[in-house]
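Results of the structural survey
The primary structure of each chain is shown beneath.
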There are 2 protein chains.
Amino acid sequence: MRSASAGPEIERLITLLAKLPGLGPRSARRAALHLLGRRDALMRPLAQALGEAADKIAECSVCGNLDVSDPCSVCTAPNRAENAICVVETVGDLWALERAGAFRGRYHVLGGVLSALDGVRPEDLNISKLIERARADAVEEIVLALNATVDGQTTAHYLADRLEGCGVSVTSLARGVPVGGELDYLDDGTLAAAFKSRSNV
Amino acid sequence: MRSASAGPEIERLITLLAKLPGLGPRSARRAALHLLGRRDALMRPLAQALGEAADKIAECSVCGNLDVSDPCSVCTAPNRAENAICVVETVGDLWALERAGAFRGRYHVLGGVLSALDGVRPEDLNISKLIERARADAVEEIVLALNATVDGQTTAHYLADRLEGCGVSVTSLARGVPVGGELDYLDDGTLAAAFKSRSNV
């Protein structure tokens, strides 16, 4: 981390940059030099964008999405179906589904998954608000779009139990061969799931 | 790059983060979410550090190093030898040599290397100031610490020519087996150089 002759201002910048995911001490130094060579084109705009985003962006009190307005633009969009809520772990997952244009209903961001190892309990997640939303008359379906990991699936089972009696159908994403996937490289679990859920051509 | 439901403030932040070396669109999104989850611990301090560094840090008019003072702290350090100047391509290289504690003289940052392909000519580099410094009475040795690339070595030869008649000895870094290096994995050029420059044990 030490850059010796670089002054404390550069040191501090490098230390902070190195805390970003994907950057280590070495790439943080490279990024700092890159920024110092592009002050007006990149460094000052980035400083401003960081400050503005930190001040303006807040968690949506309905779904947990991040936006400048509360409720967020997804929760208030008039052209989105109100009868389906897609449950995701993180805002990053919400963005991924939006990029894919896979879903045109509302979302609910859990903020993580249950994990005995990491000590994440149901009360640590945004679950009670989900149950409340699921009880609303307009809501007919809850799609559990959680990661296909052990913790993700444990959480999905827990949520399915909790949502029983809320008068909604609870669904989850299909398992199968990913688009462009080669059978030879797929794991046994995926192949078995794809076989089990096979459909007519 | 599109994150759909994310507002323009987040979009802008992601676009700027993606311009950092080592971050692409995907890792920039991850970094943005990481920052938004650590606003007071990381996001606001980073915004401030970027702004301050952009305003305060300037190129040293003597050697080309980056520092808050001009001349820089290396040029003004009383405990560093004034009879040797180490020529490096970039400030990053200067930092690397300082981290290694390999040199206790002064530096000269070229700002790049000659390159016919990229159209970098001698007048594009910080060369005339180097010749000027080399002519000073106190200076006895110029160490060329340029990268062992084709362009780096072309530049070293060019500089050695230009420095002739300045009354300094021009040296360059040794070639050989890097510490911890395994012969089997080294290229032929390095092995040949290491053999040629072998020394008594």
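None of the values given here were measured: they were computed from a predicted structure.

Concerning the overall build of chain A
What chain A contains, in helices and strands, is eight helices and six strands. Secondary structure elements of chain A, listed N to C terminal, follow the sequence α-α-α-β-β-α-β-α-β-α-β-α-β-α. Against the 2.2 N^0.38 benchmark of 17 Å for 201 residues, chain A shows a C-alpha radius of gyration of 22 Å, more extended than a compact globule. Considering only C-alpha atoms, chain A reaches an extent of 65 × 45 × 35 Å along its principal axes. Counting over 201 residues, chain A shows a buried share of 45%. Restricting the contact set of chain A to residue pairs at least 6 apart, pairs at least 24 apart contribute 47%. Accessible surface for chain A amounts to roughly 10,800 Å². Of this, 51% is attributable to carbon and sulfur atoms. Across chain A, the 22 positively charged side chains and the 26 negatively charged ones have centroids separated by 8 Å.

Things to note about the pairing of strand β4 (residues 106-109) of chain B
Residue and element names in this part refer to chain B. Here β4 shows two buried faces, one formed by R106 and H108 and the other by Y107 and V109. Of the pairings in the sheet, the one linking strand β3 (residues 84-88) to β4 comprises four bridges and is parallel in character. Note on β4: the bridge partner recorded for V87 is H108. Between the parallel pair β3 and β4, the chain is carried across by helix α5 (residues 91-100), and the sense of this crossover is right-handed.

Some details on the interface of chain A and chain B
Accessible area lost upon the coming together of the parts is a frequently used measure of interface size. With 53 residues of chain A at the interface, the matching set in chain B holds 53 residues. For the pairing of chain A and chain B, the buried interface totals around 5,000 Å² over both sides, and the portion due to carbon and sulfur atoms is 69%. The largest share of the area that chain A buries against chain B comes from L50, W95 and R99 of chain A, three residues that together contribute 14% of it. Viewed at the interface, chain B and chain A are joined by two salt bridges. The salt bridge involving D55 of chain A is made with R44 of chain B; its shortest N-O contact spans 3.1 Å. Those elements giving two or more residues to the side of chain A that touches chain B turn out to be α1 (8-17), α2 (25-36), α3 (39-56), β2 (66-67), α4 (73-76) and α5 (91-100) of chain A.

Overview of the sheet that holds strand β5 (residues 141-144) of chain A
Residues and elements named next belong to chain A. Taken together, four strands build an open sheet; the order of strands is β4-β3-β5-β6 and the sheet is parallel. Of all the strands in the sheet, the pair left with one neighbour each is β4 (106-109) and β6 (169-172). On average, each strand axis in the sheet is inclined to that of its neighbour by 25 degrees, with strand direction left out of account. Strand direction decides the pairing type here: strand β3 (residues 84-88) and β5, joined by four bridges, are parallel.

What to know about the relation of the copies chain A and chain B
Superposition of chain A onto chain B requires a rotation of 180 degrees combined with a translation of 0.0 Å along the rotation axis, giving an RMSD of 0.0 Å. The superposition of one copy onto the other is thereby described by a two-fold rotation axis. It is A47 of chain A whose C-alpha, among those of chain A, lies nearest the rotation axis, at 2.1 Å.

Some points on the nonpolar core
The nonpolar side chains of soluble globular proteins are, as a tendency, buried together. Formed by 80 residues in total, the largest nonpolar core has its most connected members in L13, L17 and L50 of chain A together with L13, L17 and L50 of chain B. Not counting the four nearest positions on each side in its chain, L13 of chain B is found in contact with L46, A49, L50 and A53 of chain A together with A32 and M43 of chain B.

Calculation notes
Residues numbered from 1 in each chain as written. Chains lettered and ligands numbered in written order. Predicted model: local features only at pLDDT ≥ 70, side-chain atom pairs only at ≥ 80, totals over all residues. Heavy atoms only, no water. Helix = DSSP H or I, 4+ residues; strand = E, 2+ residues; numbered from the N terminus. Rg over C-alpha atoms; globule rule 2.2 N^0.38 Å. Buried < 20%, exposed > 50% of the residue type's maximum accessible area, 1.4 Å probe, protein only. Contact = heavy atoms within 4.5 Å. Areas by Shrake-Rupley, 256 points an atom, 1.4 Å probe, with all protein chains shown as cover. Lys, Arg positive; Asp, Glu negative; His and termini not counted. Charge placed at Lys NZ, Arg CZ, Asp CG, Glu CD. Pairing = 2+ DSSP bridges. Right-handed = clockwise from strand over helix to strand, strands pointing away. Buried area = accessible area lost by both parts, 1.4 Å probe. Salt bridge = Lys/Arg side-chain N within 4 Å of Asp/Glu carboxyl O. Axes fitted to C-alpha atoms, helices over the stretch in contact; angles between N-to-C directions. Least-squares fit on C-alpha atoms with pLDDT ≥ 70 in both. Core = buried A, V, L, I, M, F, W, Y, C linked by side-chain atoms within 4.5 Å.

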